[in-house]
Amino acid sequence: MGRHSKRERYYILCILGLFLFLPARYQVGPSSNDRHKSLSEQYNKQHDINNETYAFNSSVRVNVMQSPPIFLEGKEKQQSPAKAQTEQCATHATGEFTKDNQSGLQPFSEFLTGSNRSDLDDNASICGLRISPYLMHFPHAMQQLYPCISYWYANEQKPSVLAWNKDVRDLLKSKSDTFVTGVILSLSGSNNLTLLDTDVTPLPNSSVFVIKQPAYVVNSPKHLRKFRDDTVGLIHSRGVTSCLSSSLRIGILNRRKTRRLVNEKSVIMDIKQALPNSTTIHATEFENASFEDQVGFFSTVDILVSPHGAQLTGLAFMPNCGQILELTPKGYHIPYYFGSLANASGLGYGYVYMSSGDPVNETKAMSSSYGLRVKARKANFCPSTTSIVRGVLDLVENWNNCCKIDKLVSIPPLSSAEDNLDPP
């Protein structure tokens with residue numbers, strides 16, 4: 001390459017890098033679950049979406065990327081050497097576990113514009129996605145889709161229709177494609193959802209839209225539970241088991257880049273020590289995980305521990321009586337966000353704030369500057385495990401009581417697990 005200039009060598013290396021990187025990163029293939037075909041293959045055979053009653057842009061078909069089997073049912077993930085080296089960290093003070101029982105589910109008229117009109121179509125339940133730059137990030141896109149799902153399941157006697165246009169689809173494709181498209185295709189397969197392209201067909205006056213919400217709102221948790229059951233049955237050909245008498249299933253859902261729980265191994269070890277009997281712990285990350293794998297993980301976890309982040313968007317797929325422990329960053333404390341999704345899904349929720357300071361005041365101070373806000377969002381976690389373990393034990397008690405109330409199974413009272421904890 002000596003006869004080439006530096007600029008020419010740079011371009012040659014860039015081209016070679018593209019050829020080496022792209023095929024491995026963006027290949028389309030089946031899910032890591034060998035028992036089932038990918039969503040894309042399954043639905044494309046079962047439903048010719050382009051020939052539905054309503055026009056649909058075929059470019060929005062699901063794109064399931066081949067990814068490593070990061071979720072292994074019944075086993076813990078294998079950590080990479082680079083991640084294992086970061087286990088040693090200086091622990092920082094945290095707040096105590098706090099239950100956040102958000103109550104009050106709003107009626108449809110509070111979050112769906114026009115839902116109380118008399119001119120609603122008697123022949124279909126049409127819910128439209130509102131154009132918003134937030135659609136680019138799938139947790140915010142689901143703030144519109146989850147209410148639509150509730151609306152459709154509340155009106156199951158009518159055909160379900162999702163109204164959108166090219167501008168909405170382009171926003172969804174930027175970052176929301178895998179999860180949101182998985183949800184839409186699941187609804188197409190289980191609820192016969194059809195798609196109305198408003199660039200081709202005028203939007204009926206009887207359509208409803210989700211108004212801007214600061215968090216997640218649905219009409220009833222039973223709607224998301226029905227959606228969960230339909231989705232898990234369609235994708236994994238099984239039901240969602242709750243309150244197993246033989247085992248308590250705890251999930252550690254970590255992050256790889258920002259807001260990572262660095263001392264994950266220590267947290268797992270201390271939870272096992274506090275709950276030594278009949279407890280299985282699944283640890284995973286969702287980096288490039290398919291929609292199928294995310295649903296598979298959530299639907300087999302009773303107690304979930306996870307940092308604040310987009311990976312929590314699928315917690316609606318957790319079993320009945322499921323409990324969530326969210327780790328909220330110092331200076332970026334917004335428990336109402338995924339706490340509201342837990343409430344909308346009929347699940348228990350609590351948090352541990354990653355600082356011993358006042359979460360409201362510290363978040364207000366960090367919000368005064370964009371740079372400080374970004375810094376707060378990026379910080380990794382290395383908390384003392386005591387608060388987390390105490391929170392898990394509290395949520396296990398909630399899970400235990402919920403299972404008794406639902407009369408799903410007779411569960412003996414918790415052992416004196418608190419005795420295994422170090423003093424705070």
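Quick notes on the rules
- Residues numbered from 1 in each chain as written.
- Predicted model: local features only at pLDDT ≥ 70, side-chain atom pairs only at ≥ 80, totals over all residues.
- Heavy atoms only, no water.
- Phe/Tyr/Trp six-rings, centres within 6.5 Å; stacked < 30°, edge-to-face > 60°.
- Helix = DSSP H or I, 4+ residues; strand = E, 2+ residues; numbered from the N terminus.
- Buried < 20%, exposed > 50% of the residue type's maximum accessible area, 1.4 Å probe, protein only.
- Pairing = 2+ DSSP bridges.
- Disulfide = S-S within 2.5 Å.
- pLDDT = per-residue confidence, 0-100.
- Contact = heavy atoms within 4.5 Å.
- Axes fitted to C-alpha atoms, helices over the stretch in contact; angles between N-to-C directions.
- Parallel < 35°, antiparallel > 145°, perpendicular 65-115°, else oblique.
- Nonpolar A, V, L, I, M, F, W, Y, C, P; charged D, E, K, R; others polar.
- Expected span 1.5 Å × (residues − 1).

1. Examining the packing of aromatic side chains
Aromatic ring pairs are defined here through the distance separating the ring centres and the angle between the ring planes. A complete count under the given rule lists 11 aromatic pairs for this structure. Note on Phe-286 and Phe-298: the rings are 5.6 Å apart at their centroids and 75° apart in plane angle, and the pair reads as edge-to-face. Taken together, the residues span a long stretch of sequence, with Phe-286 in the loop between strand 8 (279-285) and helix 10 (291-298) and Phe-298 in helix 10 at a distance of 12 residues. Exposure class is identical for Phe-286 and Phe-298. Each is buried. Look at Tyr-337 and Phe-338: their rings are 4.9 Å apart centre to centre, the planes differ by 85°, and that puts the pair in the edge-to-face class. A residue is classified by how much of its surface remains accessible, and Tyr-337, at 8% relative accessible area, is buried. On the basis of relative accessible area, Phe-338 is assigned to the buried category, the value being 2%. Aromatic rings pair up to connect Phe-138, Phe-179, Phe-227, Phe-291 and Phe-317 into one cluster.

2. Some words on the pairing of strand 10 (residues 323-328)
Counting buried residues along strand 10, 6 of its 6 residues qualify, which places the element largely inside the surrounding structure. Residues of strand 10 alternate between two faces, with Gln-323, Leu-325 and Leu-327 on one and Ile-324, Glu-326 and Thr-328 on the opposite face, all of them buried. Summarising the sheet, strand 9 (residues 303-307) and strand 10 pair through 5 bridges and their orientation is parallel. Opposite Leu-304, over in strand 10, you have Ile-324 as the bridge partner.

3. A few points about the state of the cysteines
Within the structure shown, the criterion is met by 4 disulfides. Two residues share a disulfide in this structure: Cys-127 and Cys-148, whose sulfurs sit 2.1 Å from each other. Taking the sign of the torsion about the S-S bond as the criterion, the disulfide between Cys-127 and Cys-148, at about -65°, is left-handed. Taken together, the residues Cys-127 in strand 3 (residues 125-128) and Cys-148 in helix 5 (residues 138-154) connect sequence positions 21 residues apart. Two residues, Cys-321 and Cys-402, share a disulfide whose sulfurs are 2.1 Å apart. When the S-S torsion is -75°, as for the bridge of Cys-321 with Cys-402, the disulfide is left-handed.

4. A few points about the confidence of the model for the protein
Model confidence for the protein is summarised by a mean pLDDT of 77, while 69% of its residues fall at 70 or above. Averaged over each element, pLDDT in the protein is lowest for helix 2 (residues 39-46) (37) and highest for strand 9 (98). For residues 16-86, every residue scores under 50 in pLDDT, and the model assigns this stretch 126 contacts once sequence neighbours within four places are set aside.

5. Quick word on the packing of helix 7 (residues 177-190) against helix 8 (residues 221-236)
Viewed as axis vectors pointing N to C, helix 7 and helix 8 meet at an angle of 85°, and their least axial separation amounts to 10 Å. Relative to helix 8, helix 7 is oriented roughly perpendicular. Residue-level contacts link Val-183, Ser-186, Leu-187, Gly-189 and Ser-190 of helix 7 to Phe-227, Asp-230, Thr-231 and Leu-234 of helix 8. The residue makeup of the contact of helix 7 with helix 8, split by class, is 4 nonpolar, 4 polar and 1 charged.

6. A short note on helix 7
Here helix 7 spans 19 Å end to end across 14 residues, near enough to the 20 Å set by a 1.5 Å rise per residue. The buried fraction of helix 7 amounts to 11 of the 14 residues, a majority that puts the element mostly inside the structure. Listed as buried for helix 7 are Asp-177, Phe-179, Val-180, Thr-181, Gly-182, Val-183, Ile-184, Leu-185, Ser-186, Leu-187 and Ser-188. Asn-192 lies just past helix 7 and shows a positive phi near 55°.

7. A look at unusual backbone geometry
Residue Cys-243 is not a glycine yet carries a positive backbone phi of 55°. Looking at the element boundaries, Cys-243 is found in the loop between helix 8 and strand 7 (248-254). Since its relative accessible area comes to 2%, Cys-243 is described here as buried. Positive phi values are uncommon outside glycine, yet Ser-278 reaches one of about 50°. Counting through the fold element by element, Ser-278 comes out in the loop between helix 9 (264-274) and strand 8.

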